[in-house]
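Observations on the three-dimensional arrangement
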Amino acid sequence: MIAPRSWLPTPVLSLLLLIVWLLLVRSYAFGQFVLGGSLAILIPLLTYRFWDARPLIAKPFALLRFIFRVLGDIITANFEVAYLIANPWRKLKPHFIEYPLMLEERFTITLLANTISLTPGTVSANLRMDGKSLLIHALNVDDEEALINQIRERYERPLKEIYEC
């Protein structure tokens, strides 16, 4: 649980809520600023006790490197999936993989699962109840161990370095 630090516990979230409100109503009238601003302040104040504690970023530059790596992988995977779809004579090898997790924190496990799902061709299907493994569906798998090692080296280790030092 997060204790409120002030009347504005998350200023970035409040600003984002105000912007989204103004975009939704498609009006920049003074009344909409007042209503959107009120909601932007009240929503975080009323919901802060339901949030998990914010993780500390041990290495911000490693996080920046990780973000660029994921964006590059998303672009590359889009081309790979497009190639697989455009060549119907090529036989796909879809496969479910049980991925053993090194991560322990819920936040970093969620980030890993989302990163895997963002990359075209792979989807995080399930987190086991014990939190020790992730079920992943991959569109085309030649070598299961190679995919596990790729995910571990490209995504899991950097997340562990960034958040769980």
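Residues numbered from 1 in each chain as written. Predicted model: local features only at pLDDT ≥ 70, side-chain atom pairs only at ≥ 80, totals over all residues. Heavy atoms only, no water.

1. Regarding the UniProt feature "transmembrane region" (unreviewed entry) in the chain
To keep it simple, the criterion reads: UniProt positions are given in the numbering used here, feature names are shortened, and annotations may be inferred rather than shown by experiment. Labels follow the DSSP assignment, with helices taken as runs of H or I lasting at least four residues and strands as runs of E lasting at least two, numbered in each case from the N terminus.
Annotation from UniProt places "transmembrane region" (unreviewed entry) at residues 7–24 and 30–51. Annotation note: span residues 30–51, helix share 82%, strand share 0%, distance between end C-alpha atoms 31 Å.

2. Points about the nonpolar core
Note the following rule: Residues belong to a common nonpolar core when they are buried Ala, Val, Leu, Ile, Met, Phe, Trp, Tyr or Cys residues joined through side-chain atoms within 4.5 Å. Burial classification: accessible surface area is computed with a 1.4 Å probe over protein chains only, and a residue below 20% of its type maximum counts as buried, one above 50% as exposed, and the rest as partly exposed. In what follows, residue pairs with any heavy atoms lying within 4.5 Å of each other are defined as contacts.
Of all hydrophobic cores here, the largest spans 24 residues; its most connected members are Tyr99, Leu112, Leu134 and Ile151. Residue assignment for this core shows that the elements contributing at least two residues are helix H3 (60–86), strand E1 (95–100), helix H4 (106–118), strand E3 (133–138) and helix H5 (144–163). A total of 7 residues in this core trace back to one element, the largest contributor, which is H5. Apart from residues lying up to four places away in sequence, Ile151 is in contact with Tyr99, Leu112, Ile116, Ile136 and Glu156.

3. Considerations on helix H1 (residues 11–25)
This is how the line gets drawn: One fewer than the residue count of a helix, multiplied by 1.5 Å, yields its expected span. Note that the arc is computed from the directions linking the helix axis to the C-beta atoms.
The terminal C-alpha atoms of H1 lie 21 Å apart, and with 15 residues this matches the ideal 21 Å at 1.5 Å per residue to within 8%. All of the buried residues along H1 are Ser14, Leu18 and Leu22. For H1, the angular spread of buried residues about the axis comes to 70°, placing them on one side. Counted as exposed and oriented over 90 degrees from the buried face of H1: Val12, Leu23 and Leu24. A positive backbone phi angle near 50° is found at Arg26, which sits one or two residues after H1.

4. Thoughts on the sheet that holds E1
Counted only if it meets this: Any two strands between which DSSP finds at least two bridges are classified as paired. Fitted lines through C-alpha atoms serve as axes, helices being fitted only where they are in contact, and the angles separating the N-to-C directions of these axes extend from 0 to 180 degrees.
Taken in spatial order, the 3 strands of this open sheet run E1-E3-E2, and their pairing is antiparallel. Every interior strand has two partners, whereas the edge strands, E1 and strand E2 (122–127), have only one. The mean inter-strand angle of the sheet, taken between neighbouring strand axes irrespective of direction, is 30°. Pairing analysis gives 6 bridges linking E1 to E3, with the strands arranged antiparallel. Bridge pairing in E3 links His95 to Ala138. Against the sheet, H4 engages E1, E2 and E3, with an angle of about 145° to E2. Sheet strands touched by H5: E1 and E3. Its angle to E1, the strand with the most contacts, is close to 50°.

5. Some remarks on the packing of H1 against helix H2 (residues 30–47)
This is how it is decided: Angle categories: roughly parallel below 35 degrees, roughly antiparallel above 145, roughly perpendicular from 65 to 115, and oblique for all the rest. Note on convention: near helix rotated counterclockwise from far helix by under a right angle means a left-handed crossing. Clockwise means right-handed. Each residue gets one of three labels, nonpolar for Ala, Val, Leu, Ile, Met, Phe, Trp, Tyr, Cys and Pro, charged for Asp, Glu, Lys and Arg, and polar for the others, Gly among them.
Where H1 contacts H2, the axes come no closer than 8 Å and their chain directions differ by 140°. As the angle between them shows, H1 and H2 are arranged oblique. In the packing of H1 onto H2, the handedness of the crossing is right-handed. Of the residues in H2, those touching H1 at Leu13, Ser14, Leu17, Leu18, Trp21, Leu22 and Val25 are Gln32, Phe33, Leu35, Gly36, Gly37, Leu39, Ala40, Ile41, Ile43 and Pro44. For the contact of H1 with H2, the residue count by class is 13 nonpolar, 4 polar and no charged.

6. Let's talk about a nonpolar patch on the surface
Put simply, the test is: Each patch is built from residues that are more than 30% exposed by relative accessible area and take part in no salt bridge. Like charges join if they lie within 9 Å; nonpolar side chains (Val, Leu, Ile, Met, Phe, Trp, Tyr) join within 5 Å. To be clear on the numbers: accessible area is Shrake-Rupley with a 1.4 Å probe, and residue cover counts the displayed protein chains and nothing else. Note on definitions: salt bridges are taken to be side-chain nitrogens of Lys or Arg within 4 Å of carboxyl oxygens of Asp or Glu.
Judged by side-chain polarity, Leu15, Ile19, Leu23, Tyr28 and Phe33 come together as a nonpolar surface patch covering roughly 530 Å² of accessible area. Per-element accounting of the nonpolar patch gives the leading share, 3 residues, to H1. Examined against the element boundaries, Ile19 turns out to sit in helix H1. Exposure remark for Ile19: the relative accessible area of 40% places this residue in the partly exposed category.

7. Concerning the packing of aromatic side chains
Applicable threshold: Pairing of aromatic side chains here covers Phe, Tyr and the six-membered ring of Trp, requires ring centres within 6.5 Å, and sorts the geometry by plane angle: under 30 degrees stacked, over 60 edge-to-face, intermediate tilted.
Under the definition given, this model contains 2 aromatic pairs. With 6.4 Å between their ring centres and 90° between their planes, Phe66 and Tyr155 make a pair best called edge-to-face. With a gap of 89 residues between them, Phe66 in helix H3 and Tyr155 in helix H5 connect regions that are remote in the sequence. For the pair Phe66 and Tyr155, one class covers both residues: buried.

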